[in-house]
Amino acid sequence: MASDQSNNQSVERAISVLRAFLTGRPELRVSDVAKATGLGTSTASRLLATLETLEFVERDEVSGLYRLGTAPITLGGVALNQNPVHREARQIAQDLAGTLGLGVNVAVRRAESMFYLLNFEGRLAPRSFVLTGQRKPLYATGIGKCLLLALTPEERRELLPEMRPFTSRTIVTHDALDRELAATTGRGYATEVEELAFGRACVAAPIRDMSGTIVAAISISGPLSAIDLEAREAELARTIIETADSISIGLGYVGPVHAVAASGRP
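This section reports on the structure supplied with the text.

The rules behind these values
In every chain, residue numbers begin from 1 and rise along the written sequence. This being a predicted model, a pLDDT of at least 70 is required before a residue's local features are given, and a value of 80 or more before pairs of side-chain atoms are given or counted; all residues contribute to the totals for chains, interfaces and linings. Neither water nor hydrogens contribute to the side-chain values; these are computed over all heavy atoms in the structure. Strands here mean DSSP runs of E at least two residues long; helices mean DSSP runs of H or I at least four residues long; both are numbered from the N terminus. In this scheme, a residue with accessible area under 20% of its type's maximum is buried, one over 50% is exposed, and one in between is partly exposed, where area comes from a 1.4 Å probe on protein chains only. To be clear on the numbers: accessible area is Shrake-Rupley with a 1.4 Å probe, and residue cover counts the displayed protein chains and nothing else. All tallies of charge rest on Lys and Arg as positive and Asp and Glu as negative; His and the ends of each chain are not included. Note on charges: their place is set at NZ of Lys, CZ of Arg, CG of Asp or CD of Glu. Any two residues whose heavy atoms approach within 4.5 Å at even a single point are treated as in contact. Between the first and last residue of a helix there are one fewer steps than residues, each counted as 1.5 Å, and that sum is the expected span. Note: the arc covers the axis-to-C-beta directions of the helix. At least two bridges found by DSSP between two strands is the condition for calling them paired. As a rule, the C-alpha atoms of each element are fitted with a line to give its axis, helices using only the stretch in contact, and angles between N-to-C directions run from 0 to 180 degrees. Planes of paired rings set the category: under 30 degrees apart is stacked, over 60 is edge-to-face and the rest tilted, where pairs are Phe, Tyr or Trp rings (Trp by its six-membered ring) whose centres lie within 6.5 Å. As a reminder, the over-ring test applies to NZ of lysine and CZ of arginine, requiring each to be within 6 Å of the ring centre and within 35 degrees of the ring normal. Reported orientations rely on four angle classes, namely roughly parallel under 35 degrees, roughly antiparallel over 145, roughly perpendicular from 65 to 115, and oblique for the rest. Helix crossings fall into two classes, left-handed where the near helix is turned counterclockwise from the far one by less than a right angle and right-handed where it is turned clockwise. Disulfide: a pair of cysteine sulfur atoms within 2.5 Å of each other. Salt bridge criterion: a side-chain nitrogen from Lys or Arg within 4 Å of a carboxyl oxygen from Asp or Glu.

Structural notes on the overall build of the chain
In terms of helices and strands, the chain carries 10 helices and 8 strands. Taken along the three principal axes of its C-alpha coordinates, the chain extends 65 × 40 × 40 Å. Taken over 266 residues, the chain has a buried fraction of 43%. As presented, the chain carries roughly 14000 Å² of accessible surface, and 52% of it is formed by carbon and sulfur atoms. Placing the 28 positive and 30 negative side-chain charges of the chain at their respective mean positions leaves the two points 3 Å apart.

A few points about the side chain of His174
Checked against the element boundaries, His174 lands in helix 8 (residues 174-187). Residue classification places His174 among the buried residues on the basis of a relative accessible area of 13%. Aside from chain neighbours lying at most four places away, what touches His174 is Arg156, Arg157, Leu160 and Met163.

Thoughts on helix 3 (residues 41-53)
At 3.6 residues per turn, the α-helix brings residues three or four places apart onto the same side. If you check helix 3, its first and last C-alpha atoms are 19 Å apart, about what 13 residues at 1.5 Å a residue would give, namely 18 Å. All of the buried residues along helix 3 are Thr43, Ala44, Leu47, Leu48 and Leu51. Down the axis of helix 3, the buried side of the element spans an arc of 130 degrees, and every buried residue falls inside it. In helix 3, those exposed residues whose orientation departs by more than 90 degrees from the buried face are Ser42 and Thr53.

Notes on the sheet that holds strand 3 (residues 103-110)
Spatially, 5-4-3-8-7-6 is the arrangement adopted by the 6 strands of the open sheet, whose pairing is antiparallel. Either end of the sheet is taken by a strand with one partner, and the two such strands are strand 5 (135-137) and strand 6 (190-193). In this sheet, neighbouring strand axes are inclined to one another by 35 degrees on average, regardless of whether the strands run parallel or antiparallel. Two elements, strand 7 (residues 200-208) and strand 8 (residues 214-223), share 9 bridges in a ladder whose sense is antiparallel. Within strand 8, the residue paired with Ala205 across the bridge is Ile218. Strand contacts of helix 10 (residues 229-250): strand 6, strand 7 and strand 8, with the helix running at about 25 degrees to strand 7, the strand carrying the most contacts.

A closer look at the packing of aromatic side chains
Under the defined criterion, the tally for this structure stands at 1 aromatic pair. Its end group placed over the ring of Tyr189, Arg187 keeps NZ or CZ at 4.6 Å from the ring centre.

Considering the packing of helix 2 (residues 30-37) against helix 3
In contact at an axis separation of 9 Å, helix 2 and helix 3 are set at 110 degrees when each is read in the N-to-C sense. Overall, the two elements helix 2 and helix 3 adopt an arrangement that is roughly perpendicular. When the axes of helix 2 and helix 3 are compared, the crossing they make is right-handed. Packed against helix 2, whose contacting residues are Val30, Val33 and Ala34, the element helix 3 presents Thr41, Ala44, Ser45 and Leu48 at the interface.

Regarding the state of the cysteines
Applying the stated criterion to the full structure yields 0 disulfides. There is no disulfide at Cys146, and the cysteine sulfur nearest it, in Cys202, is 8.2 Å away. A relative accessible area of 6% places Cys202 in the buried class.

Here we look at the pattern of salt bridges
What the rule picks out here adds up to 13 salt bridges. Across the salt bridge formed by Asp178 and Arg156, the nearest N and O atoms sit 2.9 Å from each other. Placement of the pair is Asp178 in helix 8 and Arg156 in helix 7 (residues 153-159), with a sequence separation of 22 residues. Here Arg157 ties to Asp175 by a salt bridge, and the two come within 3.5 Å at their closest N and O atoms. With Arg157 in helix 7 and Asp175 in helix 8, this residue pair connects regions lying 18 residues apart in the sequence. With relative accessibility at 31%, the residue Arg157 sits in the partly exposed group. Each of Glu27, Glu58, Asp60 and Arg67 takes part in salt bridges that share partners, so that together they form one network.

Here it is, written out as C-alpha cells:
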C-alpha cells in the first residue's frame, strides 16, 4: 500500500510540473516550476530531468530554461484522432474557414468551461497561435451558449454560481443568460459580440450525436470588421447551422434540422 501511495504521489508531482507550463509562460526556470507546484527546488529539478529524458519537456542549452517537449504533442494528436467529433468536423471546418476567410472553431464542454477541439483561421482572421486545447468561459462565447443548451436552468445555476465580466457586454446574470439561450433555441444559433474580447464576434450552432444530445458546437468567428454580423448575420447563421447539421448527421443524428428565415430571425 505504501508503495502504491508513493507511486501515485510521484505521478501527481510529475503532472503538476507539466501543468506549470499552462500558466501562460512558455519557458520556465527550475525555480519557477518549484514555486508554481509547491515542490522543493531539488525535487522540481529531478522531475524535470526525468521528464526531459522522456521528451515531455526540453531544456534550452543556452538559457537553461525548460519548455514543453514533443511527447505532449504526440499524446494530444492521438487523443484528437480518437475523438469522434474531431474526426467528423476537421475537414468540414477547414474547408469552411478557407471558403469564408474567417475562423472556424469546434469545442466541447468540460465542466464549467468550453474546450477547443480544433480551430482554423482564414485569411481575414489570422492568429499567431492555435486555440486547440484552450478553455474559455461558457457564458461569454457563442459556442459556450450552444453547449449550455444541453443543461436545465437549475443545472446552469449550479454549474456557474458566478459569472464575472470580461467586457461591458458580458452576460453576468442567469436571468439574462436564460433569455439569451431561449433566443438561441428559437432561432437555432447563438451570437456573441465583444462579450469575451473587444473587437471580435462569432455565430455558433450546436452539434448533436445520434441520440440528439448536444455534444459539441461550432462557430464562425473573426474581427468585427471581417465578420460584419450586422450585415451578414442571416447568411452566416444559415451557413453555421447547415455545417453543424452536416457534422451531426455524420455522428448519426437523424432529427429535425433548424430552418433560418431569410431575415436571420426566428
